[in-house]
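Coordinate inspection notes
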Amino acid sequence: MLVVIDMQNQILDENSQSFISDSPALIQRIAKRLQQARTNGEYILFTRDIPIDYKDTPDEEHEALQIVPELRPLPNEKVVKKYYFSIPPEVLLEIKEQLFKTQDEQKQIEVTGVETNICVLSNTIELQSAFPEADFFIDRQLVSGRNHESSGLKILQDFNVEVVDRTDN
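So, helix H4 (residues 149–158)
Of the residues making up H4, those classed as buried are Gly-152, Leu-153 and Leu-156. Down the axis, H4 shows its buried residues gathered within 95° of arc, on one side only. Turned more than 90 degrees away from the buried face of H4, the exposed residues are Ser-150 and Asp-158. In this fold, the buried residues of H4 make contact with helix H3 (116–130), strand E5 (135–139), strand E6 (143–144) and strand E7 (162–164).

A word on unusual backbone geometry
The phi angle at Glu-115 is positive, at roughly 65°, despite the residue not being glycine. Within the secondary structure, Glu-115 is located in the loop between strand E4 (108–114) and H3. Backbone geometry at Asn-160 places phi at a positive 65°, although glycine is not the residue there. Within the secondary structure layout, Asn-160 lies in the loop between H4 and E7. With relative accessibility at 68%, the residue Asn-160 sits in the exposed group.

Side note on H3
Given 3.6 residues to a turn, an α-helix orients residues that are three or four positions apart in the same direction. Spanning 15 residues, H3 covers 20 Å between terminal C-alpha atoms, matching the ideal 21 Å at 1.5 Å per step. The buried fraction of H3 is high, at eleven of 15 residues. Along H3, the positions that sit buried rather than exposed are Thr-116, Asn-117, Cys-119, Val-120, Leu-121, Asn-123, Thr-124, Glu-126, Leu-127, Gln-128 and Ala-130.

What about the side chain of Gln-8?
When you line up the elements, Gln-8 lands in the loop between strand E1 (2–5) and helix H1 (23–40). Excluding residues that lie within four positions of it along the chain, Gln-8 makes contacts with Thr-47, Arg-48, Asp-49, Ala-64, Leu-65, Gln-66, Ile-67 and Val-68.

Side note on the environment of Val-68
With respect to the helices and strands, Val-68 occurs in the loop between strand E2 (44–49) and strand E3 (78–82). By relative accessible area, which is 0% here, Val-68 ends up buried. The spatial distance from the C-alpha of Val-68 to the C-alpha of Ile-27 is 8.1 Å, given a sequence separation of 41 residues.

So, the pairing of E4
Most of E4 sits inside the fold, with six of its seven residues counted as buried. Sheet analysis places E1 next to E4, joined by four bridges and oriented parallel. By the bridge assignment, Leu-2 is partnered in E4 with Glu-110. The pairing of E4 with E5 spans three bridges and is parallel. Within the sheet, the bridge partner assigned to Gln-108 lies in E5 and is Asp-135.

Thresholds applied
In this numbering scheme, every chain counts its residues from 1 along its sequence in written order. Confidence filtering applies because this is a predicted model: local features only for residues at pLDDT of at least 70, side-chain atom pairs given and counted only at 80 or more, and all residues used for totals across whole chains, interfaces and linings. Side-chain numbers come from the whole structure's heavy atoms, not from hydrogens or water. For each residue, the accessible area found with a 1.4 Å probe, counting protein chains only, is set against the maximum for its type, and the residue is called buried under 20%, exposed over 50%, and partly exposed in between. Working definition: helices are DSSP H or I runs of at least four residues, strands are E runs of at least two. Numbering for both runs from the N terminus. It is the directions from the helix axis to the C-beta atoms whose arc is reported. Residues are treated as being in contact if the distance between any of their heavy atoms lies within 4.5 Å. Helix span is expected to be 1.5 Å times the residue number reduced by one. Two strands pair under a simple rule: DSSP has to find at least two bridges between them.

Quick look at the structure:
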């Protein structure tokens, strides 16, 4: 399974609180990994971080909150809106049930995306609770954040997430 966390247009906007300075290069690296996952037939899960104030309003669909065009999900790929830091538990259960129905055991789960110290961290730990038998890893070239990125990766290592450098720049 490939999980793509919060790769939304707002990370490209220098005037946004969500701006990530290295986002153009990060998008290219994740796009390459995404293409590989699609070729390999991996289950692909995207998250969209939506401010709770926008829940159930037209603002949820604001352009800044859409996944960047280079990573646009295909119709068969799961997109989850999250209004706090991580995937809602009931949605996580649906994903797990869907995967069990297709007998697609998840032995490896790779997490990519932004805000390593918050969203990548919380979603990875949540996914671990749903898929305790899976091996989790993060390629440090496929995550980024504004603050405490190395601390987030260190915490994830403490949770038995393998942090690797596999991506060619």
